[in-house]
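Remarks on the overall topology
Take a look at the letters that make up each chain.
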Amino acid sequence: MALSLAVSPCPNDTFVFHALVHGLVPGAPPIDLTFADVDVTNTAALDGTFDLVKVSYAALPWLLDDYELLPCGGALGRGCGPLVLTNGRTDLDGATVAVPGDRTTAYLLFRLWAADRGPAKIEVVPFHQIMPGVAEGRFDAGLVIHEARFTYQRYGLTALADLGKWWETDTGLPIPLGAILAKRDTVDPVRATEWIRESLRYGWRDPSVSQDFILANAQEMEPAVVKQHIELYVNEFTLELGKDGLAAADALLGRAAAAGLTPAVPSLL
């Protein structure tokens, strides 16, 4: 019986899950794959739509009753945080800021960082519309993630803030961005962890095998950018969250709850 899986079309996700999706992981079930932006998967997970799903760490307080956090497969690391981009503007006073989702980790980090910085309006828009929108003046600033770190200069934009650098300086911890969840009473989390880790190891053994799949789905098609993306976001935390990874997620959710931004959850440590 097939398991439903929802991830983003970003290169880190397609790299990690290529082998699993294509039946190359021994003992794993068939996979019914859906690609969707993380704002969509955050919402779909509320309804229990998928058996395995990539969501934002910021969405966990609303999901952990029905899903279990897996210790692998997600996006967490150092030097990979969201950026606040402008078209030359040097502050956010009264600004309209485009964000990729209201329960994304990027937006939660932004709210913690911007508590006293005065943006006037937030607009949730699809990720691929953010940089063009800021460049064209439809938004005063934009919150971006993933491959935008490597391409924003092409739009004539500047980075007002690197929220990952801010987070790492303030906490000493990596940035917890995207998590993989398994639906309780439907998916064995131990077996799912084994499947995902073997899929990741398969990709690391021969990265060329997944290249066509990755490029066919990437929003940024340039192989050099895709390679940078994978090297940054697919790392040791993708294989094993470990103590630092769990501490990072715990710190994010603890700070968010203390600030009244999310419900409180039990410690992940």
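Quick notes on the rules
Residues numbered from 1 in each chain as written. Predicted model: local features only at pLDDT ≥ 70, side-chain atom pairs only at ≥ 80, totals over all residues. Heavy atoms only, no water. UniProt positions renumbered as here; feature names shortened; annotations may be inferred. Helix = DSSP H or I, 4+ residues; strand = E, 2+ residues; numbered from the N terminus. Rg over C-alpha atoms; globule rule 2.2 N^0.38 Å. Buried < 20%, exposed > 50% of the residue type's maximum accessible area, 1.4 Å probe, protein only. Contact = heavy atoms within 4.5 Å. Areas by Shrake-Rupley, 256 points an atom, 1.4 Å probe, with all protein chains shown as cover. Lys, Arg positive; Asp, Glu negative; His and termini not counted. Charge placed at Lys NZ, Arg CZ, Asp CG, Glu CD. Polar contact = N/O pair within 3.5 Å; in protein donor to acceptor, adjacent residues only side chain to side chain. Salt bridge = Lys/Arg side-chain N within 4 Å of Asp/Glu carboxyl O. Arc of directions from axis to C-beta. Domains from an automatic or database assignment. Buried area = accessible area lost by both parts, 1.4 Å probe. Axes fitted to C-alpha atoms, helices over the stretch in contact; angles between N-to-C directions. Parallel < 35°, antiparallel > 145°, perpendicular 65-115°, else oblique. Nonpolar A, V, L, I, M, F, W, Y, C, P; charged D, E, K, R; others polar. Core = buried A, V, L, I, M, F, W, Y, C linked by side-chain atoms within 4.5 Å.

- As annotated in an unreviewed UniProt entry, the chain carries the name 1,4-dihydroxy-6-naphtoate synthase and comes from Actinoplanes italicus.
- The Pathway (unreviewed entry) comment attached to the chain in UniProt states, word for word, "Quinol/quinone metabolism; menaquinone biosynthesis."
- Database annotation for the chain, UniProt heading Function (unreviewed entry): "Catalyzes the conversion of cyclic dehypoxanthine futalosine (cyclic DHFL) into 1,4-dihydroxy-6-naphthoate, a step in the biosynthesis of menaquinone (MK, vitamin K2)."

1. Some details on the overall build of the chain
- The helix and strand inventory of the chain stands at eleven helices and eleven strands.
- Relative to the 2.2 N^0.38 estimate, which gives 18 Å for 269 residues, the radius of gyration of the chain is 18 Å and therefore close to what a compact globule would have.
- Taking the principal axes of its C-alpha atoms as reference, the chain extends roughly 55 × 40 × 30 Å.
- Put simply, the chain has 269 residues, and 54% of those count as buried.
- Taking contacts inside the chain between residues at least 6 apart in sequence as the whole, the part at least 24 apart equals 78%.
- When the accessible surface of the chain is summed, it comes to about 11,300 Å², and 51% of that surface belongs to carbon and sulfur atoms.
- Averaging the positions of the 20 positive and the 33 negative side-chain charges in the chain gives two centres separated by 3 Å.

2. A closer look at the side chain of Lys183
- Mapped onto the fold, Lys183 is located in strand E11 (residues 175-183).
- Using a relative accessible area of 19% as the deciding quantity, one classes Lys183 as buried.
- Only 2.6 Å separates the side chain of Lys183 from the backbone oxygen of Gly48, close enough to count as a polar contact.

3. Considerations on the pattern of salt bridges
- One pass over the full model with this rule turns up 14 salt bridges.
- Among the salt bridges present, the one from Lys183 reaches Asp51, with a minimum N-O distance of 3.9 Å. Placement of Lys183 in strand E11 and of Asp51 in the loop between helix H2 (38-46) and strand E3 (52-56) is noted, with a sequence separation of 132 residues between them. Neither residue differs from the other here; Lys183 and Asp51 are each classed as buried.
- Sharing partners across several salt bridges, the network here consists of Arg89, Asp91 and Asp140.

4. Quick look at the UniProt feature "active site" (unreviewed entry) in the chain
- Feature annotation in UniProt assigns "active site" (unreviewed entry) to the following positions: His146.
- Within the secondary structure layout, His146 lies in the loop between strand E9 (141-144) and helix H5 (148-151).
- Sequence-distant contacts of His146, that is, excluding residues within four places in its chain, are made with Cys10, Asn12, His229 and Tyr233.

5. Observations concerning helix H9 (residues 223-233)
- Burial in H9 covers these residues: Val225, Val226, His229, Ile230 and Tyr233. The buried residues of H9 occupy an angular sector of 135 degrees when projected down its axis, which confines them to one face. Facing away from the buried side of H9, by more than 90 degrees, are the exposed residues Ala224 and Glu231.
- For H9, the elements touching its buried residues are helix H1 (11-21), strand E5 (75-77), H5, E11, helix H8 (211-217) and helix H10 (236-239).

6. Concerning the domain arrangement of the chain
- In terms of domain boundaries, the chain breaks down into domain 1 (3-77 + 175-259) and domain 2 (83-171).
- When each unit is reduced to the centre of its C-alpha atoms, the spacing between domain 1 and domain 2 is 23 Å.
- Each side of the interface is counted separately: domain 1 has 29 residues, and domain 2 has 25 residues.
- Across the domain 1/domain 2 interface, buried area totals approximately 2,300 Å², and carbon plus sulfur atoms make up 64% of it.
- Connecting domain 1 to domain 2 are two salt bridges.
- We note a salt bridge from Arg154 to Glu222, for which the minimum N-O separation is 2.7 Å.
- Remark: the boundary between domain 1 and domain 2 carries six residue pairs in polar contact (both at pLDDT 80 or more).

7. What to know about the packing of helix H6 (residues 163-171) against helix H11 (residues 242-258)
- Where H6 contacts H11, the two axes come as close as 12 Å, and the packing angle between them is 95 degrees. With respect to each other, H6 and H11 are oriented roughly perpendicular. Packed against H6, whose contacting residues are Trp167, Asp170 and Thr171, the element H11 presents Ala248, Ala251, Leu252 and Arg255 at the interface.
- For the contact of H6 with H11, a count of residues per class yields four nonpolar, one polar and two charged.

8. Focus: the nonpolar core
- Within the largest apolar cluster, 64 residues are counted, with the highest numbers of intra-cluster contacts made by Tyr57, Val84 and Phe110.
- Ranked by residue count, the leading element in this core is helix H3 (residues 105-113), at seven residues.
- Contacts of Tyr57, omitting those with residues within four sequence positions, involve Leu69, Ala75, Leu76, Thr105, Pro176, Leu177, Gly178, Ala179, Leu241, Ala249, Leu252 and Leu253.
- In this structure, Ala19, Ala192, Val226 and Val234 belong to the second largest nonpolar core, which totals 27 residues.

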